[in-house]
Amino acid sequence: MNLEKIKQTGFVDETIDPTLDLFEEIKKLKKEKNAVLLAHYYQDADIQDIADFIGDSLQLSQEAAKTNADMIVFAGVHFMAETAKIISPQKKVVLPDLKAGCSLADSCPPELFAKFKAKYPDHVVVSYINCSAEIKALTDIVCTSSNAEKIINSIPKDKGIIFAPDKNLGAYLIKKTGRDMVLWNGACMVHEIFSLEKIIKLKERNPKAKLLAHPECEEAVLNKADYIGSTTGILNFSQEDSCQEFIVATETGILHQMMKASPNKTFIPAPPNNNCACNDCPHMKLNTLEKIYLCLKHEQPEIILDETMRKKAEGSILRMLEISK
Ligand code: 13P
Ligand code: SF4
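(A) A look at the pattern of salt bridges. Overall, the coordinates contain 18 salt bridges when judged by the stated rule. Notably, a salt bridge pairs D49 with K260, separated by 3.0 Å at the nearest N-O pair. Linking D49 in helix α3 (residues 45-50) with K260 in helix α14 (residues 254-261), this pair joins segments that are 211 residues apart in sequence. By relative accessible area, which is 41% here, D49 ends up partly exposed. Residues K66 and E63 are paired through a salt bridge, measuring 3.7 Å at the closest nitrogen-oxygen approach. One end of the pair, K66, and the other, E63, are both in helix α4 (residues 57-66), three residues apart, so they sit about a helical turn from each other. Taking the relative accessible area as the measure of exposure, E63 reaches 16% and is therefore buried. Connected through salt bridges with shared partners, the residues E307, R310, K311 and E314 form a single ionic network.

Below is the structure:
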């Protein structure tokens, strides 16, 4: 394999025999190599359907920590595969497309964050898992959208807190916990795209519909929400609540599991503030069945981390996993 070329393209670029049944080939390779395919809810439906495990960020990191597989194929974005490698360094971790990044993780460059952190030497640093390994190495406790409140509440009341990188989740947590946190000014391009005006109009046209929102959305959208939670939280709520119609303010990939679990309910993606499909995450959607097949076959692109940095980052994730038990 030409590793230089993979670095340039981000993935294994090889022509695939069009007669191959990729579902079957992927299944065969997974068995042969004792590999596990982990997929985030934001992946395309076909990837979710072939995955061994589908979940939100917390569940995926818990699964990566406990799997007996020799290889983890991560159908998600770079920070997720990197997290898996940080906590399971003895395993081979591959990502179908190395360019599957995250606008939120990119909004927090480590050099700038280190300077920001230095201004508050007595503060505990809590970072949302959507950040690079370098940021995790500068962090005391990592959190996800499903355990953030618990993590913040676990910190002694007299301690100052820096929260990075998502200012929307941070502002939501300040409201929920009453803690006065210093926020890094980062955001997710997908969750900031929803149009409040269009959501209000949609609610007027569908008065019975409940608005379900991810806490990465802006405050104005969250203020209108009937339920706020992680992707798993949103999915569970849509199953358990008696309401038949939901407007969903998060990435559209989650709709696949919602419709599967509640085929008789109606799910409407919250409209973006323009006419394109911008509530699809362009990074998550870089993964395809073809890239997953080639990545399993060649065991590339692989996540490789500097060991000193990995060790520094590991503590902050293990602390999160411990508190989340
Ligand atoms: P959760 O998986 O915690 O719901 O977060 C969603 C997300 O933005 C992942 O990138
Ligand atoms: Fe990052 Fe937003 Fe995509 Fe999640 S949806 S991976 S936070 S850009």
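(B) The site of ligand 2, seen in detail. Around ligand 2, the neighbouring residues are Y42, V77, C102, S103, N130, C188, V190, E216, C281, H283 and M284. For the shell around ligand 2, the residue count by class is seven nonpolar, three polar and one charged.

(C) Geometry of the pairing of strand β7 (residues 161-164). Alternating positions in β7 separate into two faces, I161 and F163 on one and I162 and A164 on the other, with burial throughout. Sheet analysis places strand β5 (residues 124-128) next to β7, joined by four bridges and oriented parallel. Looking at the pairing, S127 lines up with A164 of β7. Two elements, β7 and strand β8 (residues 181-183), share three bridges in a ladder whose sense is parallel. For I162, the partnering residue across the bridge sits in β8 and is V182. What joins β7 to β8 is helix α10 (residues 167-177), and the crossover it makes is right-handed.

(D) Spatial organisation of the site of ligand 1. Taken together, 14 residues sit near ligand 1, with H40, S57, S145, E216 and T231 positioned nearest. Contact between ligand 1 and H214: an oxygen atom at 3.0 Å from a side-chain N or O atom of the residue. Notes on ligand 1: free accessible area 300 Å², of which the protein chains cover 96%. Partitioning the shell around ligand 1 into residue classes produces five nonpolar, seven polar and two charged.

(E) Looking closely at unusual backbone geometry. A cis amide bond links A164 to the next residue, P165, at an omega of -10 degrees. Even without being a glycine, N34 presents a positive backbone phi close to 45 degrees. Position of N34 relative to the elements: it lies in the loop between α2 (22-32) and β1 (35-40). Owing to a relative accessible area of 35%, N34 belongs among the partly exposed residues under this scheme. Its identity as a non-glycine residue notwithstanding, E299 has a phi of 55 degrees, on the positive side. Along the polypeptide, E299 turns up in the loop between α15 (289-298) and α16 (307-323). Judged by its relative accessible area of 23%, E299 is partly exposed.

Reading guide: rules and limits
- Residues numbered from 1 in each chain as written.
- Chains lettered and ligands numbered in written order.
- Predicted model: local features only at pLDDT ≥ 70, side-chain atom pairs only at ≥ 80, totals over all residues.
- Heavy atoms only, no water.
- Salt bridge = Lys/Arg side-chain N within 4 Å of Asp/Glu carboxyl O.
- Helix = DSSP H or I, 4+ residues; strand = E, 2+ residues; numbered from the N terminus.
- Buried < 20%, exposed > 50% of the residue type's maximum accessible area, 1.4 Å probe, protein only.
- Near = heavy atom within 4 Å.
- Nonpolar A, V, L, I, M, F, W, Y, C, P; charged D, E, K, R; others polar.
- Pairing = 2+ DSSP bridges.
- Right-handed = clockwise from strand over helix to strand, strands pointing away.
- Polar contact = N/O pair within 3.5 Å; in protein donor to acceptor, adjacent residues only side chain to side chain.
- Areas by Shrake-Rupley, 256 points an atom, 1.4 Å probe, with all protein chains shown as cover.

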